[in-house]
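Observations on the three-dimensional arrangement
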Amino acid sequence: MNYIFSPYAIAQFVTAFVSFLVVIVLWKRRFDRGGFALFFLFIALTEWIFCLGMESAVVTLPQKIAWSQWAYIGTQTSPVLIFIFALKYSKKTRDISKAKAALLFILPVIIILLAATNNHHHLVWSSYSLGKIGSNSIIYNHGPAFWVGIVYIYILVAFSTALLIRSSVKSQKVYRIQNLIFILASITPWLTSFLYIINLNPFPGLDITSLGFFFTGILMLIGIRQVNLLDYIPIAHELLFENINDGVLVFNENKKVVDMNPGAERLMGMNFAELIMNDSPAAIKYWDLYDDHFSRTENSRFEIVSPFNNHTWLNINISPLKNRRGSFLGWVAIMEDITLRKETEKELHRINQRLASQLDENRQLEKLLREQANRDAMTGVYNRACLKESLASEILYAEQQNQPLSIVMIDVDCFKNINDTYGHKAGDDVLIALGKLLLSQTRDSDFVSRFGGDEFVLFLPNMNHEAAFQRAESWRQACKKLIIPGLAEDIGFNISIGIAVYPNNARTMDALLSEADRALYQAKQSGRDCIRVSESVC
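None of these values were measured; they are calculated from a predicted model.

**Considering the packing of aromatic side chains**
In this structure the tally under the stated criterion is 11 aromatic pairs. Arranged with centres 5.3 Å apart and planes meeting at 70 degrees, the rings of F39 and F40 form a pair that is edge-to-face. Residue classification places F40 among the partly exposed positions, given a relative accessible area of 43%. Taken together, the ring pairs in this structure connect F251, F294, F328 and W331 into an aromatic cluster. A cation over a ring is seen here: K342 above W313, with NZ or CZ 4.6 Å from the ring centre. When the ring centre of Y382 is taken as origin, the NZ or CZ atom of R375, which lies over that ring, is 3.9 Å away.

Here it is as structure tokens:
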């Protein structure tokens, strides 16, 4: 039989080992209050986690499904055992008889049987898919029976956690460490389960709830061996309601406040006696504004600026209150001061806006610098390096589209004489004027560049030699009409032009430039101030 021990599988086996250590320790303490329930609980957890580890390690689909089915035994029974332990530890066993306790196992047994026979009805999982490549996992698409079981599990675990927390906060200070261990031990599986439900876990698609019991097991071992966790019976005053920082208000079914804690008094700026005795109109009007949030079936959460202090932001959660029989009693409102969070969010928003503005400026600057790097500083046309980079791409595109591409090479006639006669400033003015002329009389798709000295090179996409000749002739005539300061009055300058066309004259960049240069040389040899087209045949 082949196995793949992925990080997820190893984590499961380590957790199962820790859970088994707890089983060994609990056997010696099984006669303490809640000891037997806790002992059987960790047996169920060990079986569940070990089966999940085996499911992760085996490689064939039938083996994975079989181990998953075995895991349902521990999965479904452990919440019931948690609940029974919580009842015993908090001395609430008088609220449930042994017969009622046995009834708690009916639904888990049904779910276990449905999982074992899932191939016949697909109520627990309807299908499955392969997990992330390399994870050696399958992801189940759960059916209705699974979600019924999940709801039942969450209800039991929620009540168990509530019982343990209630028992802990009512205990005396001498038991503070023991109580803290119990609270942490009961919360860690909740946190991992929550991460799994919202798909925020290190093993995507894989249930990490069982891994939370690793920390539960460690905490239980520390508690039992170091601080005599099961030796004491927590007894003390109820502290939770009185000491939490959040404001808590209890409303009756008529939306009248019947209780509030010091946190609520602080946030509302009035004490409970004042509110009850005077029926504060401000408070009554305030809660009437949010009448829609008082639902008898659902929780409601909203954020507002406090009407009692306009510098304070409140997060308010209103939940319906019901007794054990499900009868509606009223509502509980929890008010959390989130002013610091709101101020932080506002500051972060301001910082983000500033950063966004700075990033936009940086992008514009980067674009400008990139453009300047590709441009000839004096004439404003593209430089030689940019020409070669762009021309290579344009030749490839012309080949793909089966289109002609004309290369035009321009040289100012007698440019040295202009520099010698009128000075280099006049020579620069000639080049600048020629650059502006070419930019103004070309298409957006055309490319104008200064090749070096007094030479300019253009490429004209999708243009044959006849059209290129006509365009070049218009530039030649226009140059004659340009008036350059520093030259003789009413005298422009002349240019010679050579043209080569892809693919008629050449097919590569260097060959095209060479043919255009050869045509330009012929124009110079023919007396300048004229145009020649390459006659080479490729």
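**With respect to the confidence of the model for the chain**
In this model, the chain carries a mean pLDDT of 80, and residues with pLDDT of at least 70 account for 79%. A low-confidence stretch, residues 231-239 stays under pLDDT 50, and its non-local contacts, those more than four residues away or across chains, total 31 contacts.

**Re the pattern of salt bridges**
Evaluated as defined, the whole model comprises 17 salt bridges. One salt bridge in this structure joins R350 and E347, with 2.3 Å as the shortest N-O distance. With R350 and E347 both in helix α14 (residues 339-374) and three residues apart, this pair spans about one turn of that helix. Look at E347 and you get partly exposed, because its relative accessible area is 34%.

**Regarding helix α15 (residues 384-401)**
Its 18 residues give α15 an end-to-end C-alpha distance of 25 Å, which sits within 8% of 26 Å, the value for a rise of 1.5 Å per residue. Those residues of α15 that sit buried are C386, L387, L391, E394, I395 and A398. One face of α15 carries all of its buried residues, which in axial projection span an arc of 155 degrees. Away from the buried face of α15 by more than 90 degrees, exposed residues A385, E389, E399 and Q400 are located. Where α15 begins, the capping side chain belongs to N383, and its oxygen is found 3.4 Å from the backbone nitrogen of A385. Just beyond α15, the residue with positive phi is N402, at close to 55 degrees.

**Let's talk about the sheet that holds strand β3 (residues 247-252)**
If you walk across this open sheet you meet the five strands as β4-β3-β7-β6-β5, and the pairing is antiparallel. Two strands close off the open sheet at either side, each with one partner strand: β4 (257-260) and β5 (300-305). Each neighbouring strand pair of the sheet contributes to a mean axis angle of 25 degrees, computed without reference to strand direction. Relative to strand β6 (residues 313-322), β5 is paired through six bridges, and the arrangement is antiparallel.

**What about the side chain of D454?**
You can see D454 is positioned in the loop between β9 (447-452) and β10 (455-461). Notably, D454 is buried but unbridged: the nearest opposite-charge side chain belongs to K524, and the N-O separation is 5.4 Å. Leaving out residues up to four positions away in the same chain, D454 has contacts with I410, D411, V412, F415 and L431.

Calculation notes
- Throughout, residues of each chain are indexed from 1 in the direction in which the sequence is written.
- Thresholds applied to this predicted model are a pLDDT of at least 70 for local features of residues and 80 or more for the giving and counting of side-chain atom pairs; totals over whole chains, interfaces and linings are not thresholded and use all residues.
- Here the side-chain values reflect all heavy atoms present in the structure, with hydrogen atoms and water set aside.
- Stacked, tilted and edge-to-face are the three classes assigned to paired rings of Phe, Tyr and Trp, where Trp is represented by its six-membered ring and a pair needs centres within 6.5 Å; plane angles under 30 degrees give stacked, over 60 edge-to-face, the rest tilted.
- Each residue gets one of three labels from its accessible area relative to the maximum for its type: buried under 20%, exposed over 50%, partly exposed in between, using a 1.4 Å probe on protein chains only.
- Lysine and arginine charges are scored as sitting over a ring when NZ or CZ, respectively, is within 6 Å of the ring centre and within 35 degrees of the ring normal.
- For every residue, the predictor states its confidence as a pLDDT score lying anywhere from 0 to 100.
- Residues are treated as being in contact if the distance between any of their heavy atoms lies within 4.5 Å.
- Salt-bridge detection follows one rule: a side-chain nitrogen of Lys or Arg within 4 Å of a carboxyl oxygen of Asp or Glu.
- Put simply, DSSP H or I for four residues or longer makes a helix, DSSP E for two residues or longer makes a strand, and each gets a number counted from the N terminus.
- To estimate how far a helix should reach, multiply one less than its number of residues by 1.5 Å.
- The arc in question is traced by the directions running from the helix axis to the C-beta atoms.
- Pairing of N or O atoms within 3.5 Å defines a polar contact, subject to two protein rules: one partner must be a possible hydrogen donor and the other a possible acceptor, and residues neighboring in sequence count only if both atoms are side-chain atoms.
- A pair of strands is labelled paired if DSSP reports no fewer than 2 bridges between them.
- Inter-axis angles, ranging from 0 to 180 degrees, are taken between N-to-C directions of lines fitted to C-alpha atoms, where helices are fitted over the stretch in contact.
- Neither His nor the chain ends contribute to the count of charged residues, in which Lys and Arg are positive and Asp and Glu negative.

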